[in-house]
Amino acid sequence: MRADRLVATLLLMQARGRVTAAELAAELEVSNATARRDLEALSAAGVPVYPQPGRGGGWSLIGGARTDLSGLTSAEAQALFLVAGPAASVAPQIKSALRKLVRALPQTFRAEAEAAAESTIVDTAGWGEDVKDRPGLVTALQQAVVKQMRVRLSYRKRGEAPKERLVDPWGLVDKDGTWYFIAGTDEGRRTFRLDRITGLIPTGVPSSRPAGFELAGAWGEVVTAMEERRSETSASVLVPTRFLKVFQHQHGRHCTVVEDRGEFTMVELTAPRPLDIARNVAGWGGLITVESPEVEEHLARIGAELVSRYRRAAPAGPAGP
């Protein structure tokens, strides 16, 4: 498109100070005549560019004029590059877009923006784990969201056969390497895990989206509902205060401090079932005290199973005379 070329032309002039029609033609892969017409069009549109004939001549911005095409402040530019920079290492399109955006920034912003883009690396693999690959469905679903086109999913719920669903795509969420797809259905808003989508067919039919819909707000509601389901059972646990931070780190928002008793701290631990709490704390052994009959029963059973399987036979005593 010509508008794209005109913007690219102006960015090149800002970056180099002066360009010839031949240099511009080579950079943008157009003919010399087309490059010259684009330069003349910028001048006619009121952009302060002018030609300088003769050896060493070319086209320049009058007085070194600058145009901030991005409209970003210095802080906004840094924030953008801090967020997009890590993704550029795995997405060529983002890397290309950042290069173009750097050219659009005022000279005083460029060094900090480029430094911000290279300041952070995101390693999605835990220690001893393989890198978490981005699901192949992400790109297709992103396109459906952006273009607002319905898709037909083949979705498999746990323990059930796959079923087809016609949905309106509203957004995608990456939750610690697990991807979720939020969409509108005949039954209202639904959330689908990408690893359970077994098929995807674009329909080419325009989709609908509720007025005022915000993906962040919708996902917040999903998280709240999920955490409530994961907190249906609670138990009081007495934890040595010196290990409280470790215990809280292991259980996150499912661990709430109830009372500081000096050497020990009483906390409330939540999970979907009593068995889940027992499994989560069994490794602490006798360091903690659980005050919940249901959880205690499961801990006793788990302990008995471990003793039965791993208790070694008592060593034989000395042989008799």
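Everything here concerns the structure above.
Keep in mind that this is a model prediction, so the values were computed, not measured.

**Overview of the overall build of the protein chain**
Stage number 1. Along the backbone of the protein chain there are 11 helices and 12 strands.
Stage number 2. Going through the 321 residues of the protein chain one by one, you find that 32% of them count as buried.
Stage number 3. Counted over contacts in the protein chain with a minimum sequence separation of 6, partners at least 24 positions apart contribute 56%.
Stage number 4. Approximately 20400 Å² of the protein chain is accessible, and the part contributed by carbon and sulfur atoms is 53%.

**Brief notes about unusual backbone geometry**
In most cases, non-glycine residues show a negative phi, while peptide bonds are predominantly trans.
Stage number 1. Backbone geometry places E29, a non-glycine residue, at a positive phi of 60 degrees.
Stage number 2. As for its placement among the helices and strands, E29 is situated in the loop between helix 2 (21–28) and helix 3 (32–44).
Stage number 3. Here the phi dihedral of Q148 falls at roughly 55 degrees; this positive angle occurs in a residue that is not glycine.
Stage number 4. Following the sequence through the fold, Q148 ends up in the loop between helix 7 (137–147) and strand 4 (149–155).
Stage number 5. Note on Q148: relative accessible area 42%, which makes it partly exposed.

**Side note on the sheet that holds strand 12 (residues 289–291)**
Stage number 1. Across the sheet, four strands lie side by side as 10-11-9-12; this open sheet has antiparallel pairing. Single-partner strands in this sheet number two, and they are strand 10 (255–260) and strand 12. For this sheet the average axis-to-axis angle between neighbouring strands, irrespective of direction, equals 30 degrees.
Stage number 2. In this fold helix 10 (residues 274–281) packs onto strand 9 (233–240), strand 11 (264–271) and strand 12, with an angle of close to 130 degrees to the strand it touches most, strand 11.
Stage number 3. Strands strand 9 and strand 12 of the sheet are contacted by helix 11 (residues 293–310), whose axis makes an angle of about 135 degrees with strand 12.

**Thoughts on the environment of V257**
Stage number 1. Turning to its location among the elements, V257 is positioned in strand 10.
Stage number 2. Since its relative accessible area comes to 41%, V257 is described here as partly exposed.
Stage number 3. For V257 and V237, which are 20 residues apart along the polypeptide, the C-alpha to C-alpha distance reads 9.7 Å.
Stage number 4. The contact partners of V257, leaving out residues within four places of it in the chain, are L244, Q248, T265, M266 and V267.

**Points about the packing of aromatic side chains**
Stage number 1. Taken as a whole and judged by the stated rule, the model has six aromatic pairs.
Stage number 2. Ring plane angle 80 degrees and centroid distance 4.9 Å describe the contact between Y155 and F192, whose orientation is recorded as edge-to-face. In this pair, Y155 sits in strand 4 while F192 sits in strand 7 (residues 188–193), placing the two residues 37 residues apart along the sequence. The pair formed by Y155 and F192 is uniform in burial state, with each residue classed as buried.

**Observations concerning a negative patch on the surface**
Stage number 1. Together, E291, E294, E296 and E297 make up a region of like negative charge exposed at the surface.
Stage number 2. The dominant element in the negative patch, judged by the number of residues it contributes, is helix 11, at three residues.
Stage number 3. Note that E296 resides in helix 11.

**Quick look at helix 10**
Stage number 1. Taking burial as the measure, the eight residues of helix 10 include six buried ones, the bulk of the element.
Stage number 2. What helix 10 keeps buried is the set P274, L275, D276, I277, A278 and V281.

The rules behind each value
- Residues numbered from 1 in each chain as written.
- Predicted model: local features only at pLDDT ≥ 70, side-chain atom pairs only at ≥ 80, totals over all residues.
- Heavy atoms only, no water.
- Helix = DSSP H or I, 4+ residues; strand = E, 2+ residues; numbered from the N terminus.
- Buried < 20%, exposed > 50% of the residue type's maximum accessible area, 1.4 Å probe, protein only.
- Contact = heavy atoms within 4.5 Å.
- Areas by Shrake-Rupley, 256 points an atom, 1.4 Å probe, with all protein chains shown as cover.
- Pairing = 2+ DSSP bridges.
- Axes fitted to C-alpha atoms, helices over the stretch in contact; angles between N-to-C directions.
- Phe/Tyr/Trp six-rings, centres within 6.5 Å; stacked < 30°, edge-to-face > 60°.
- Patch = residues over 30% accessible without salt bridge, like charges linked within 9 Å, V, L, I, M, F, W, Y side chains within 5 Å.
- Salt bridge = Lys/Arg side-chain N within 4 Å of Asp/Glu carboxyl O.
- Lys, Arg positive; Asp, Glu negative; His and termini not counted.
- Charge placed at Lys NZ, Arg CZ, Asp CG, Glu CD.

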